[in-house]
Amino acid sequence: MDGGEVAWLVVAGAFLMLVLVLAVPILRLRKTIDAATNAINDLNDRTAPILANANTTIEGVNVALSQVHTSLDGVNIQLAKIDTMTGHAQNVTANVANLATVVSAAAANPLVKVAAFGYGVRRAAAARRHAEDEREVRTTLKQQRRAAKKAATR
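Each value, and the rule that gives it
Starting from 1, residues in each chain are numbered consecutively following that chain's sequence as written. At least 70 in pLDDT is required for a residue's local features to be given in this predicted model, at least 80 for side-chain atom pairs to be given and counted, and no such filter applies to totals for whole chains, interfaces and linings, which use all residues. Side-chain calculation: all heavy atoms of the structure are included, whereas hydrogens and water are not. Each helix corresponds to a stretch of at least 4 residues labelled H or I by DSSP, and each strand to a stretch of at least 2 residues labelled E; elements are numbered beginning at the N terminus. Between buried and exposed lies partly exposed: a residue is buried under 20% and exposed over 50% of the maximum accessible area for its type, with that area taken using a 1.4 Å probe on protein chains only. Computed with the Shrake-Rupley method and a 1.4 Å probe, the accessible areas treat only the protein chains shown as cover for residues. Charge counting follows a simple rule: Lys and Arg are positive, Asp and Glu are negative, and His as well as the terminal groups are ignored. Here the site of a charge means atom NZ of a Lys, CZ of an Arg, CG of an Asp or CD of a Glu. UniProt positions are given in the numbering used here, feature names are shortened, and annotations may be inferred rather than shown by experiment. Put simply, a patch holds well-exposed residues, over 30% relative accessible area, that have no salt bridge, with like charges counted together within 9 Å and Val, Leu, Ile, Met, Phe, Trp or Tyr side chains within 5 Å. Between Lys or Arg on one side and Asp or Glu on the other, a salt bridge is scored when a side-chain nitrogen of the former is within 4 Å of a carboxyl oxygen of the latter.

## Some words on the overall build of the chain
Per the secondary structure count, the chain includes 1 helix and 0 strands. In terms of overall dimensions, the chain has C-alpha extents of about 205 × 45 × 30 Å along its principal axes. Here the chain holds 154 residues, and 0% of them are scored as buried. When the accessible surface of the chain is split by element, carbon and sulfur atoms take 66% of a total near 13,700 Å². Each charge class in the chain can be summarised by its mean position, and for the 18 positive and 12 negative side chains these summaries are 51 Å apart.

In C-alpha cells, the structure reads:
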C-alpha cells in the first residue's frame, strides 16, 4: 500500500465518520418532519368539516339574502304604487282646495249682503220697538203732567 492509498483510506474513514455524525441529526430531523406531517394531517382532517359547515352556513345566508332581496323588491314596488296614490291624493286635495276657494268667493259676496241686510232689519226692528216704548213712556208722562196740572188747578 502506498501513500496515496492510505490517504484515500483516511479520507474514506473521515467521510464515514462525517456520515455517522450527520446521521444522528438527520434521523432526529426525520422524526420532527414526521411529527409536523402528522400535525398537518390532523389539522387538515379537523378543518375540512369546519370548512364544509362554513360553506353550508354561507349558502344558507345567501339563500336568506336572496329572499330578503326579493322581499325588498316587493316592498319597493308597493312603495312606488303608494307614491303614485299619494300624488293622486295630493292632486285631488289641491283641486278640492281650489273648488272651495271658488265656491267661497262666489258665495261670500251674497252671504255678506244677506248678513248685512239681516243686521239692518234687526236694528230697525229694535229701534222701532224702542221708539214705541219711548212713545208710550212720553205719553204716560204727558198724561201724568196733565193730571197733575188739573189737580193743581182745582
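## A short note on the UniProt feature "transmembrane region" (unreviewed entry) in the chain
Mapped onto this structure's residue numbering, the UniProt feature "transmembrane region" (unreviewed entry) falls at residues 6-27. Across residues 6-27, helical content stands at 100% and strand content at 0%; the span's end C-alpha atoms are separated by 31 Å.

## Re a positive patch on the surface
A contiguous patch of positive charge on the surface is contributed by Lys142, Arg145, Arg146, Lys149 and Lys150. Among the secondary structure elements, lysine 142 is positioned in helix α1 (residues 3-153).

## Section: the pattern of salt bridges
Applying the stated criterion across every chain yields a total of 1 salt bridge. We note a salt bridge from glutamate 134 to arginine 138, for which the minimum N-O separation is 3.8 Å. With glutamate 134 and arginine 138 both in helix α1 and 4 residues apart, this pair spans about one turn of that helix.

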